[in-house]
Amino acid sequence: MKALICIGHVPDTTSKIKFTDNDTKFDTTDIKYIIGPYEELALTRLLDLRDAGTDMHITTVTVGTQETEPTIRKALAMGADDAVRVNAEASDNLFIAKQIAEVFKNGDYDIIITGKESIDYNGGQLEGMIAEFLNLPSVSGASKFDIEGDKILLEQEIEGGTLKLEASFPFVVSAGKGFCPEPEPRIPNMRGIMTARKKPLQVVEPVAKEAVTEIIKYHLPEPKPACKMIDPDNVEELVRLLHEEAKVI
Amino acid sequence: MAILIYTQNYDGKFKKSVFELVTYGVAVAKELGTKVTAVTTGKPDTEILKELGKYGAEKVISITNEELNDFSAQAYAYATEQVAKKINADLIIFGNNPYGRAIAPRLSVKLNAGLAAGVTALPSSVSPFTVKKRVFSGKAFADVVIKSETKIITLNQNSYKVEENPVDITIEEFSAEIPEGAYAVKPVEIVKSSGKMSVTDAEILVSGGRGLKGPENWGMIEEMAEILGAGTSCSRPVSDLDWRPHEEHVGQTGKVVAPNLYIAIGISGAIQHLAGVNGSKVMVVINTDPEAPFFEAADYGIIGDAFEVVPKLNEAFKKFKAEN
Ligand SMILES: Cc1cc2nc3c(=O)[nH]c(=O)nc-3n(C[C@H](O)[C@H](O)[C@H](O)COP(=O)(O)OP(=O)(O)OC[C@H]3O[C@@H](n4cnc5c(N)ncnc54)[C@H](O)[C@@H]3O)c2cc1C
């Protein structure tokens with residue numbers, strides 16, 4: 001089986017977010033980048049399945065400039081076999097999805113896996129868009145993922161319960177919480193890092209697709225007024241404030 | 001010009017979040033000088049469909065296909081596309097929920113329509129069409145311009161106040177053409193959950209963290225939720241340790257919530273936790289450690305031991321509820 005997994009290059013979850021150029025650009029100074037947490041979860045699951053005996057070739061795909069390569073190498077060091085980078089600035093989602101759909105078409109992959117959402121632009125749109133470009137079935141935010149022969153067994157959290165699903169290849173899925181049941185972080189060791197340097201990382205140029213969305217300005221949330229402290233021996237005061245001042249009870 | 005609103009019903013009923021979408025859509029329609037049409041599936045009763053008129057939808061298209069009783073993102077995208085084309089929709093609005101997240105991206109490809117996901121306010125401009133959306137997990141917002149002729153947005157829950165605006169509503173039935181192969185994903189079984197209020201629907205959430213020491217101490221949390229008619233949620237370690245079910249986990253890697261009131265008890269307020277709750281209108285923190293980062297984010301705080309403060313607070317809430 002050949003899996004194509006989208007690896008996002010995103011700011012570390014503890015990053016302090018700042019903007020430059022009159023709040024039109026994300027300020028990358030001092031930002032540490034990581035593999036998107038949901039993509040890392042998905043990759044960990046694929047590696048677990050492979051370790052447990054599923055025959056699998058894992059290719060990562062990233063739409064991004066050369067700056068994303070350390071993140072891609074990390075995915076290779078975790079255990080992915082090879083990588084494709086589409087050499088373009090990742091901005092508009094339809095553009096990104098189109099690029100990934102093209103990579104899929106040019107290889108003989110059986111499945112595309114993305115994270116449920118990127119933690120920077122919080123789109124959560126990729127898997128649906130990629131699937132639609134390829135006219136393939138998809139499931140978003142799967143909370144369980146198993147492969148049994150030529151069947152894919154999935155679960156999805158829905159209103160009021162859990163939906164169990166069955167699908168076959170080729171298929172597109174995005175990973176939500178639970179995708180990897182007991183995620184043991186795969187921290188690459190020295191050997192992993194050394195071999196990752198030699199694994200193939202193919203750079204391809206993007207296909208044309210006009211961007212239909214554009215971010216024109218960023219804002220930071222309004223600074224909150226200081227927290228009002230309430231004496232633990234006077235909890236009635238909290239009840240009063242929630243009712244009269246905040247008007248939430 | 002027309003606005004189409006995707007209104008999901010659950011077992012034939014609409015939830016408050018749908019009325020929020022309609023209210024929002026009507027406000028945008030005013031700006032654009034147009035009207036709002038809703039679309040739904042599963043043939044809810046006429047009386048239920050009419051509820052959408054109470055919030056200002058002038059028309060609802062009820063898709064009658066039996067096969068849509070099972071969800072398939074592909075099939076739903078086909079059906080919604082046909083309705084959008086039929087009414088010449090130039091703006092399509094979904095809730096930022098599992099249905100919206102599954103259908104909207106596919107529709108965006110079908111209609112080559114720019115999609116802004118996780119919108120939190122009315123458009124700041126209709127030409128160019130500019131909306132505000134949540135980015136960097138709530139640490140910032142971005143103004144996004146959608147340039148395509150047809151536009152799609154998904155609205156974050158609890159970001160717009162529901163308001164009644166009664167109009168006469170026309171109900172129209174519609175049978176969509178759904179190609180074979182749109183049901184490639186087969187539902188096998190639905191496992192019902194506890195039936196408790198889902199964390200994303202709750203208007204008040206009482207949330208517990210590792211500071212509560214163990215699952216046996218959740219009685220007072222549930223009691224508070226009961227008194228306030230609230231839902232319960234928790235931090236990640238709490239669900240990782242199986243003290244609480246996974247559907248209660250909120251934060252960057254859990255559910256993103258935006259209740260009117262979020263009460264955090266024994267939660268330190270790590271940045272990844274706050275990323276899932278920073279959209280709450282009002283936040284209260286109860287923590288023994290005055291240095292806990294949650295105090296920086298909260299509106300009201302009590303420095304104290306949860307095991308002493310919470311029982312007292314429950315009594316005070318009870319007294320308040322009895323009097324109001
Ligand atoms: C990539 C990534 C993603 C993550 N995603 C999430 C996420 O989605 N959600 C999430 O919650 N976390 C997430 N985390 C984990 C996060 O960093 C914190 O570790 C976690 O939120 C801490 O949970 P906590 O506050 O319950 O526990 P702790 O940090 O252990 O805090 C317990 C708090 O309870 C207080 N306390 C102790 N005893 C009492 C008492 N008797 N009364 C009152 N207070 C008391 C303590 O002072 C302390 O502040 C993520 C981490 C990473 C790296």
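I will try to describe carefully the structure that is included in this document. (Residues numbered from 1 in each chain as written. Chains lettered and ligands numbered in written order. Predicted model: local features only at pLDDT ≥ 70, side-chain atom pairs only at ≥ 80, totals over all residues. Heavy atoms only, no water.)

This paragraph deals with the sheet that holds strand 8 (residues 111-115) of chain A. Taken in spatial order, the 10 strands of this open sheet run 13(A)-7(A)-6(A)-1(A)-8(A)-12(A)-9(A)-10(A)-11(A)-11(B), and their pairing is mixed. At either margin of the open sheet sits one strand with a lone partner, and together these are strand 13 (201-204) of chain A together with strand 11 (186-192) of chain B. Within the sheet, the average angular offset between the axes of one strand and its neighbour, ignoring direction, is 30 degrees. Running at roughly 160 degrees to strand 7 (residues 82-87) of chain A, helix 2 (residues 69-78) of chain A makes contact with strand 6 (57-64), strand 7 and strand 13 of chain A of the sheet. (Pairing = 2+ DSSP bridges. Helix = DSSP H or I, 4+ residues; strand = E, 2+ residues; numbered from the N terminus. Axes fitted to C-alpha atoms, helices over the stretch in contact; angles between N-to-C directions. Contact = heavy atoms within 4.5 Å.)

Attention now moves to the sheet that holds strand 12 (residues 204-208) of chain B. With parallel pairing, six strands are arranged side by side in an open sheet as 15(A)-16(B)-15(B)-14(B)-12(B)-13(B). Two strands bound the open sheet, and with one partner strand each, they are strand 15 (228-229) of chain A together with strand 13 (231-234) of chain B. Sheet analysis places strand 12 of chain B next to strand 13 of chain B, joined by four bridges and oriented parallel. Bridged to B:Ser207 within strand 13 of chain B is B:Ser233. Seen against the sheet, helix 9 (residues 306-323) of chain B touches strand 14 (261-265), strand 15 (282-287) and strand 16 (300-303) of chain B and runs at an angle of roughly 135 degrees to strand 15 of chain B.

Examined against the element boundaries, A:Glu117 turns out to sit in the loop between strand 8 and helix 4 (126-134). Here A:Glu117 is buried and forms no salt bridge, its nearest opposite-charge partner B:Arg134 lying at an N-O distance of 5.0 Å. Here the side chain of A:Glu117 touches A:Asn122 through a polar contact of 3.1 Å, side chain to side chain. (Buried < 20%, exposed > 50% of the residue type's maximum accessible area, 1.4 Å probe, protein only. Lys, Arg positive; Asp, Glu negative; His and termini not counted. Salt bridge = Lys/Arg side-chain N within 4 Å of Asp/Glu carboxyl O. Polar contact = N/O pair within 3.5 Å; in protein donor to acceptor, adjacent residues only side chain to side chain.)

Under the criterion given, the structure shown has 17 aromatic pairs over all chains. Where A:Phe19 meets A:Tyr218, the ring centres are 4.3 Å apart and the plane angle is 5 degrees; that geometry is what we call stacked. Of this pair, A:Phe19 sits in strand 3 (residues 19-20) while A:Tyr218 is found in strand 14 (residues 213-219), placing the two residues 199 residues apart along the sequence. A:Tyr218 sits in the buried class, given a relative accessible area of 5%. Three or more aromatic residues joined by ring pairs form one cluster here, namely A:Phe19, A:Phe26, A:Tyr121, A:Tyr218 and B:Phe136. Positioned above the aromatic ring of B:Tyr78 is the side chain of B:Lys110, whose terminal nitrogen or guanidinium carbon lies 3.7 Å from the ring centre. Geometry around B:Phe141 places B:Lys132 over its ring, the cationic atom sitting 4.9 Å from the centre. (Phe/Tyr/Trp six-rings, centres within 6.5 Å; stacked < 30°, edge-to-face > 60°. Lys NZ or Arg CZ within 6 Å of the ring centre and 35° of its normal.)

Each side of the interface is counted separately: chain A has 73 residues, and chain B has 78 residues. Taking both sides of the interface into account, the surface hidden between chain A and chain B amounts to around 6,600 Å²; carbon and sulfur atoms contribute 60%. Applying the counting rule to chain A against chain B returns five salt bridges. Between B:Arg106 and A:Glu132 there is a salt bridge, with the nearest N and O atoms lying 2.9 Å from each other. Summed over the shared surface of chain A and chain B, the number is 37 residue pairs in polar contact (both at pLDDT 80 or more). (Buried area = accessible area lost by both parts, 1.4 Å probe.)

This part takes up the pattern of salt bridges. Scanning the model with the defined rule gives 29 salt bridges over all chains in all. Between A:Asp108 and A:Lys2 there is a salt bridge, and its shortest N-O distance comes to 3.1 Å. Of this pair, A:Asp108 sits in the loop between helix 3 (93-105) and strand 8 while A:Lys2 sits in strand 1 (residues 2-6); the two residues are 106 residues apart in sequence, bridging distant segments of the chain. When its relative accessible area of 56% is taken as the criterion, A:Asp108 is described as exposed. Assessed through its relative accessible area of 24%, A:Lys2 is described here as partly exposed. Between A:Asp81 and A:Arg50 there is a salt bridge; the shortest N-O distance is 2.9 Å. Here A:Asp81 is found in the loop between helix 2 and strand 7, whereas its partner A:Arg50 is found in helix 1 (residues 37-51), with 31 residues between them in sequence. Look at A:Asp81 and you get partly exposed, because its relative accessible area is 24%. Because the salt bridges share partners, they merge into one network encompassing A:Glu132, B:Glu81, B:Lys85, B:Arg106 and B:Lys110.

All names here are of chain B. Within the sequence span of helix 5 (residues 219-228), burial applies to Met220, Ile221, Met224, Ala225, Ile227 and Leu228. The buried side chains of helix 5 occupy one side of the element, clustering within an arc of 165 degrees when seen end-on. Buried residues belonging to helix 5 abut strand 12, strand 13, strand 14 and helix 9. Backbone geometry just downstream of helix 5 places glycine 229 in the positive-phi region, at approximately 65 degrees. (Arc of directions from axis to C-beta.)

Everything listed here is a matter of geometry and, on its own, says nothing about what the molecule does.
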